[in-house]
Amino acid sequence: MNILVCISNVPDTTSKINFIDNDSKFDKNGVQFIINPNDEFGLTKAIWMKDSNNADVTVLTVGDSSADAILRKCLAIGADKAIRIDCEAIDASSVSKEIVEHCNEVKYDLVICGRESIDYNGGLVPGLIAGYLDYNFVTNCVSLNIENGKAKCSREISGGIEVTESDLPLVIGAQKGLVEESDLIIPNMRGIMMARQKPLEVLSAKNIKARAIDKKYFKPQEKAEVKLIKPDELDKLIDLLENEAKVI
Amino acid sequence: MGVLVYAESENNIIKKSALEAVSYGKALAEKIGSRLNCVVINCSEPNILKQYGTDKIFNITNDSLKDFTSRSYSNALQQVIKAENTSILILSSSADSKYLGAHLAGFTDGSFISNVVGIPDNLDPFTVKRSCFTNKGFSSTELTGDIKIISISANSFGLIENNGDGKIEDFHIEDISSTITVSNIEKQSGKVTIADADVVVSAGRGLKGPENWHLVEELAEVLGAATACSKPVSDMGWRPHSEHVGQTGKPVSSNLYIAIGISGAIQHLAGINSSKIKVVINNDPEAPFFKAADYGIVGDAFEVIPQLITKLKNRK
Ligand SMILES: Cc1cc2nc3c(=O)[nH]c(=O)nc-3n(C[C@H](O)[C@H](O)[C@H](O)COP(=O)(O)OP(=O)(O)OC[C@H]3O[C@@H](n4cnc5c(N)ncnc54)[C@H](O)[C@@H]3O)c2cc1C
């Protein structure tokens with residue numbers, strides 16, 4: 001079985017978010033980049049499927065050479081092969097189409113993406129890929145079992161869990177639950193050494209036009225000072241929530 | 001040309017988030033100078049949409065749409081978009097609508113933008129504001145493409161009543177075959193979910209252990225609220241993953257967010273920051289959460305919460 005895991009290179013969760021060039025660009029200065037957490041849950045699941053489903057795992061990112069470091073990390077975690085489609089990732093639509101072009105050349109049975117990235121939070125890429133390729137799609141995926149070419153997936157829905165059965169090929173949007181936080185694989189020395197022998201292929205991009213272009217960024221408004229209420233004056237809190245904030 | 005809203009329903013009732021999408025759709029339709037149409041799927045009582053300014057309601061009734069799948073629902077909506085020559089589709093940000101939106105954008109080659117927080121500042125070029133970096137920032141984004149799909153952030157626009165013709169028209173769809181089927185749904189009934197809640201009561205490691213969560217649940221019950229928790233609480237298995245909120249968990253954009261024994265780490269705040277009013281209860285006056293809160297109580301949760309529950313009960 002052939003699995004593609006799409007990886008996004010995102011700012012570490014503790015990063016300070018600042019904008020430069022007249023607020024038209026995210027300031028990458030001093031920002032550490034990591035594998036998008038949702039993608040990492042998906043990658044871990046894919047690595048498990050090497051054993052359970054005899055899978056071959058390729059990781060792919062659309063981005064410039066600054067993303068090579070996280071691809072190497074994915075290889076050290078256990079992926080067999082890495083691909084970078086060389087261009088600046090501008091919007092979900094162009095990124096998805098670059099991935100789709102690749103999927104038309106190399107057939108994958110399963111495409112794993114994160115449910116959403118923690119930088120732009122669009123949650124678009126997995127659905128777009130599925131739509132363009134006319135594949136089945138399950139997002140917010142918290143369990144996946146593939147046997148005899150049939151996939152059984154659980155999706156977290158509002159207030160519960162839904163189980164679906166489908167044919168392959170399939171695209172999933174991974175999140176915590178698909179594997180647990182404690183299942184994430186920390187690369188060891190052997191993994192890191194082996195990663196150096198594994199292929200990291202750079203493909204040229206098709207230069208697909210972006211359709212959603214961020215023109216200007218803003219920071220949230222500064223918050224007013226907190227109003228402190230004494231623990232023995234809870235009536236006051238209730239009054240404020242009821243009559244000032246009008247939320248209860 | 002025209003604005004279409006997919007008004008999501010559950011058990012025949014139009015969801016509140018859908019009414020917000022309709023309110024938004026109406027404002028946008030007025031800005032464009034077009035009429036507002038809505039589409040409902042297997043919902044026999046869509047009349048309420050009229051009160052929010054809907055001119056025409058397309059009513060789809062079809063057995064193959066009994067269970068939601070993004071594929072079958074996308075297919076149905078695609079037929080409406082085509083027949084009506086829709087250029088803008090509005091969705092709520094419910095889990096199902098966001099799921100559907102991305103898949104549909106792929107099928108129609110439309111341009112999808114999510115987490116939108118306001119009506120477009122400009123129609124040509126079409127420029128709309130959305131949140132990004134998990135609410136640590138916003139962007140003004142230019143969107144091109146013949147079909148634009150916009151999913152709006154919960155509670156970012158509000159409900160605005162308006163008069164519309166509200167004419168209901170049955171919309172017949174071509175048969176949908178699907179290679180994905182829903183085999184089981186397990187849903188807790190009667191519990192308010194984080195996505196739909198006006199009020200969310202959330203607790204962290206300060207609550208010491210799962211045996212103390214009855215306090216959180218009781219407080220949530222008197223407020224008609226959903227319950228949530230910080231990441232370590234779900235990682236330790238004190239609470240289910242579905243309650244984990246924050247940058248790597250669920251986003252919260254409720255009207256009121258009450259945080260009990262949560263320190264307010266940057267990753268936690270990122271996910272809940274778009275909630276309108278935040279109340280923090282923490283015994284450490286230095287807890288970073290106080291900087292992000294509207295109201296704060298420096299005190300021991302085990303003393304404050306039972307009293308708060310009693311007082312709220314007496315108020316009713
Ligand atoms: C990549 C990454 C992603 C992350 N994503 C998330 C996320 O999505 N969501 C999230 O929540 N966290 C996330 N975190 C974790 C985050 O950094 C914090 O560790 C976490 O939010 C802390 O949880 P907490 O506030 O419950 O616990 P603590 O930080 O331990 O805080 C407990 C608080 O309870 C207070 N307290 C103790 N006793 C009492 C009492 N009796 N009464 C009142 N208050 C009391 C303490 O003063 C303290 O402030 C992430 C971390 C990383 C590295």
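One structure accompanies this document, and this report is about it. Being a predicted model, the structure only gives us computed values, none of them experimental. (Residues numbered from 1 in each chain as written. Chains lettered and ligands numbered in written order. Predicted model: local features only at pLDDT ≥ 70, side-chain atom pairs only at ≥ 80, totals over all residues. Heavy atoms only, no water.)

## Some points on the packing of aromatic side chains
Counted under the stated rule, the structure contains 12 aromatic pairs over all chains. Ring centres 5.0 Å apart and planes at 55° place the aromatic pair Tyr120(A) and Phe133(B) in the tilted group. Within this pair, whereas Tyr120(A) is found in the loop between strand S8 (110-114) and helix H4 (125-133), its partner Phe133(B) is found in the loop between strand S9 (126-132) and strand S10 (137-143), the two belonging to separate chains. Here Tyr120(A) falls in the partly exposed class, since its relative accessible area comes to 27%. Judged by relative accessible area, which is 2%, Phe133(B) ranks as buried. Every member of this aromatic cluster is reached through a ring pair, and the members are Phe19(A), Phe26(A), Tyr120(A), Tyr217(A) and Phe133(B). Above the face of the Phe218(A) ring, Lys129(B) is positioned so that its terminal group lies 5.0 Å from the ring centre. Lys129(B) extends its terminal NZ or CZ atom over the ring of Phe138(B), reaching a point 5.1 Å from the ring centre. (Phe/Tyr/Trp six-rings, centres within 6.5 Å; stacked < 30°, edge-to-face > 60°. Helix = DSSP H or I, 4+ residues; strand = E, 2+ residues; numbered from the N terminus. Buried < 20%, exposed > 50% of the residue type's maximum accessible area, 1.4 Å probe, protein only. Lys NZ or Arg CZ within 6 Å of the ring centre and 35° of its normal.)

## Side note on the side chain of Thr134(B)
Take Thr134(B): it is sitting in the loop between S9 and S10. Not counting residues within four places of it along the chain, the set of residues in contact with Thr134(B) comprises Ile118(A), Asp119(A), Asn121(A), Gln247(B), Ala270(B) and Gly271(B). (Contact = heavy atoms within 4.5 Å.)

## Regarding the interface of chain A and chain B
How big an interface is tends to be stated in terms of the accessible area lost upon association of its parts. Taken together, the 76 residues of chain A in the interface contact 82 residues of chain B. Across the interface of chain A and chain B, roughly 6,700 Å² is buried in total on both sides, 55% from carbon and sulfur atoms. The interface formed by chain A and chain B includes 13 salt bridges. Note that Glu181(A) and Lys231(B) form a salt bridge whose closest N and O atoms lie 3.2 Å from each other. Where chain A touches chain B, the interface holds 49 residue pairs in polar contact (both at pLDDT 80 or more). Counting only elements with at least two residues in the side of chain A that touches chain B, the list comes to H4, strand S9 (136-147), strand S10 (150-157), strand S11 (160-167), strand S14 (212-218), strand S15 (227-228) and helix H6 (234-244) of chain A. (Buried area = accessible area lost by both parts, 1.4 Å probe. Salt bridge = Lys/Arg side-chain N within 4 Å of Asp/Glu carboxyl O. Polar contact = N/O pair within 3.5 Å; in protein donor to acceptor, adjacent residues only side chain to side chain.)

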